[in-house]
Amino acid sequence: MSVLINTIVREATGRPRMKSLRRNPESIPAILHNVAQGSILLVITEYRVFEKGLRDSQDDFYQIALAGKNYPVRLKEVQRHPISRKILHVDFVACIDGS
């Protein structure tokens, strides 16, 4: 069973905007790499749910809820703060045809 991650599309890019986004304790900047549409900038809206799913999951496959639809994705990379270990950024790759 894969973990469902609630996300929204973000427009903000750049260091100052990402710092302000990370100040919200429940949000994580993320990106979805998609071959057909290019990259989509996201915000994971439930930090604790994602962190628990990351810790408890047996594989790297998740479901992203975006604009009312669920998309299967694979976790590519998680960037963490070197001291606090807080998640700073997440990269996902869209799964095409179950791959």
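None of these values were measured; they are calculated from a predicted model.

Colleague: Give me the lowdown on the packing of aromatic side chains, citing residues and values where you can.
Modeller: Applying the stated criterion to the full structure yields three aromatic pairs. With a centroid separation of 6.5 Å and 70° between ring planes, the pair formed by Tyr62 and Phe92 is classed as edge-to-face. With Tyr62 in strand 4 (residues 61–66) and Phe92 in strand 6 (residues 87–94), this pair connects stretches of sequence that are 30 residues apart. Side by side, Tyr62 and Phe92 carry an identical accessibility label, which is buried. What links up through ring pairs into an aromatic cluster is the set Phe50, Tyr62 and Phe92.

Colleague: Summarise the pattern of salt bridges; cite the residues concerned and give the values.
Modeller: Two side chains carrying opposite charge are able to pair once their charged atoms lie near each other. This structure, assessed with the given rule, holds two salt bridges. A salt bridge links Glu26 to Arg48, with the shortest nitrogen-to-oxygen separation between them at 3.1 Å. Taken together, the residues Glu26 in the loop between helix 1 (15–22) and strand 2 (28–34) and Arg48 in helix 2 (residues 47–56) connect sequence positions 22 residues apart. Residue Glu26 is classed as partly exposed on the basis of its relative accessible area, which comes to 25%. Owing to a relative accessible area of 61%, Arg48 belongs among the exposed residues under this scheme.

Colleague: Before we move on, can you summarise the pairing of strand 2 with the specific residues and values?
Modeller: Within strand 2, six of the seven residues are buried, which leaves it mostly tucked inside the rest of the structure. Across seven bridges, strand 2 lies against strand 3 (residues 38–44) in antiparallel orientation. Within strand 3, the residue paired with His33 across the bridge is Ser39. Here strand 2 folds back onto strand 3 in antiparallel fashion, the turn holding three residues. As defined by bridge partners, strand 2 adjoins strand 6 across four bridges and the pair is classed as parallel. What sits directly across from His33, in strand 6, is Val93.

Colleague: Tell me about unusual backbone geometry, and please be specific about residues and values.
Modeller: Where the residue is not glycine, phi is negative for most of them; where a peptide bond is considered, it is trans in most cases. Although it is not a glycine, Ala67 sits at a positive phi angle of roughly 55°. Assignment of secondary structure puts Ala67 in the loop between strand 4 and strand 5 (69–80). Residue classification places Ala67 among the exposed residues on the basis of a relative accessible area of 76%. In this structure, Arg85 takes a positive phi of about 65° despite not being glycine.

Colleague: So what's going on with the layout of surface pockets? Residues and values would help.
Modeller: Counted as a void, the largest pocket has a volume near 150 Å³. Forming the walls of the largest pocket are Leu32, Asn34, Gln37, Ile40, Leu66, Tyr71, Pro72, Val73, Ala94 and Ile96. Contributions of two or more residues to the lining of the largest pocket are made by strand 2 and strand 5. Class assignment of the residues belonging to the lining of the largest pocket gives a composition of eight nonpolar, two polar and no charged.

Definitions and cut-offs
Residues numbered from 1 in each chain as written. Predicted model: local features only at pLDDT ≥ 70, side-chain atom pairs only at ≥ 80, totals over all residues. Heavy atoms only, no water. Phe/Tyr/Trp six-rings, centres within 6.5 Å; stacked < 30°, edge-to-face > 60°. Helix = DSSP H or I, 4+ residues; strand = E, 2+ residues; numbered from the N terminus. Buried < 20%, exposed > 50% of the residue type's maximum accessible area, 1.4 Å probe, protein only. Salt bridge = Lys/Arg side-chain N within 4 Å of Asp/Glu carboxyl O. Pairing = 2+ DSSP bridges. 1 Å grid on protein atoms, 1.4 Å probe; cavity = no way out; pocket = protein on both sides within 12 Å on 5 of 7 lines; lining within 4 Å. Points joined across faces, edges and corners; volume = space filled by probe spheres on them. Nonpolar A, V, L, I, M, F, W, Y, C, P; charged D, E, K, R; others polar.

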